[in-house]
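These are the residues of each chain, in order.
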Amino acid sequence: MSETDEAVDSKPKTWTSRYRLAIAIGSGVLALLCFWLLFNGGAAGKWIGGIGLAALVVWVFVFSTLYRRGY
């Protein structure tokens, strides 16, 4: 085993790195749903879509901060 293999294997697997792809796919699907509600929904749908998109933007910033800090 070389030094590069040990460096790669010694990195701990946190929940942000383990579920990063699944969270990205889920966030993308939710964003599409929110956009669909925003442009095709009634009055309540537009509110739900707009608030959902705002919440997703906040979630992206929170997740990226947690990921960079190693959580």
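Quick summary incoming for the structure in this document. (Residues numbered from 1 in each chain as written. Predicted model: local features only at pLDDT ≥ 70, side-chain atom pairs only at ≥ 80, totals over all residues. Heavy atoms only, no water.)

## Notes on the packing of aromatic side chains
Which entries qualify depends on this criterion: A pair of aromatic rings is counted whenever rings of Phe, Tyr or Trp (Trp by its six-membered ring) have centres within 6.5 Å, and the orientation is called stacked for planes under 30 degrees apart, edge-to-face for over 60 and tilted otherwise. Helical segments are the DSSP runs of H or I of at least four residues, strand segments are the runs of E of at least two, and each set is numbered from the N terminus. Exposure is judged per residue with a 1.4 Å probe applied to protein chains only, and the accessible area is read against the type maximum: over 50% gives exposed, under 20% gives buried, and values in between give partly exposed. In this scheme, Lys NZ or Arg CZ marks a charge over a ring once it lies within 6 Å of the ring centre and within 35 degrees of the ring normal.
Under the counting rule described, the total for this entry stands at four aromatic pairs. Here the aromatic rings of W15 and F63 are separated by 6.0 Å at their centres, their planes lie at 70 degrees, and the arrangement is edge-to-face. You can see W15 sitting in helix α2 (residues 15-18) and its partner F63 sitting in helix α4 (residues 43-69), a full 48 residues away along the chain. What makes W15 partly exposed here is its relative accessible area of 36%. Judged by relative accessible area, F63 falls into the buried class, the value being 10%. When the centroid spacing of 6.5 Å and the interplanar angle of 20 degrees are considered together, the rings of F63 and Y67 count as stacked. Of this pair, F63 and Y67 both sit in helix α4, four residues apart, roughly one helical turn. Members of the aromatic cluster, connected to one another through ring pairs, are W15, W59, F63 and Y67. The aromatic ring of Y67 is capped on one face by R20, whose charged end is 4.1 Å from the ring centroid.

## Regarding the packing of helix α3 (residues 20-40) against α4
The line we're drawing: Helix axes use the C-alpha atoms of the stretch in contact, all axes being lines fitted to C-alpha atoms, and the angles between their N-to-C directions lie in the range 0 to 180 degrees. Small angles under 35 degrees read as roughly parallel and large ones over 145 as roughly antiparallel, with 65 to 115 read as roughly perpendicular and the rest as oblique. Here is the rule for handedness: rotate from the far helix to the near one, and if that takes an anticlockwise turn smaller than a right angle the crossing is left-handed, while a clockwise turn gives right-handed. Pairs of residues are marked as contacts when any of their non-hydrogen atoms sit within 4.5 Å. Amino acids outside the nonpolar list (Ala, Val, Leu, Ile, Met, Phe, Trp, Tyr, Cys, Pro) and the charged list (Asp, Glu, Lys, Arg) are all regarded as polar, and Gly is one of them.
In the contact formed by α3 and α4, the axes pass within 7 Å of each other and the chain directions differ by 160 degrees. Here α3 lies roughly antiparallel to α4, going by the angle between them. Crossing geometry of α3 relative to α4 is assigned as left-handed. Note on element contacts: α4 touches α3 through G45, K46, I48, G49, G50, G52, L53, L56, W59, F63 and Y67, opposite R20, I23, S27, L30, A31, C34, F35, L37, L38 and F39. Residue composition of the contact of α3 with α4, by class: 14 nonpolar, five polar and two charged.

## Details of α3
In plain terms, the rule: What a helix should span is 1.5 Å times the count of its residues minus one. Working definition: the arc comes from the directions between the helix axis and the C-beta atoms, pointing outward to the latter.
For α3, built from 21 residues, the straight-helix expectation of 30 Å at 1.5 Å per residue is met to within 8% by its first-to-last C-alpha distance of 30 Å. Looking only at α3, the buried set comprises S27, C34 and L37. The buried residues of α3 all sit within an arc of 85 degrees when viewed along its axis, so they share a single face. Of the exposed residues in α3, those oriented more than 90 degrees away from the buried face are L21, I25, V29, L32, W36, F39 and N40. Where α3 is buried, its residues contact α4.

Everything listed here is a matter of coordinates, which is why it stays silent on function.
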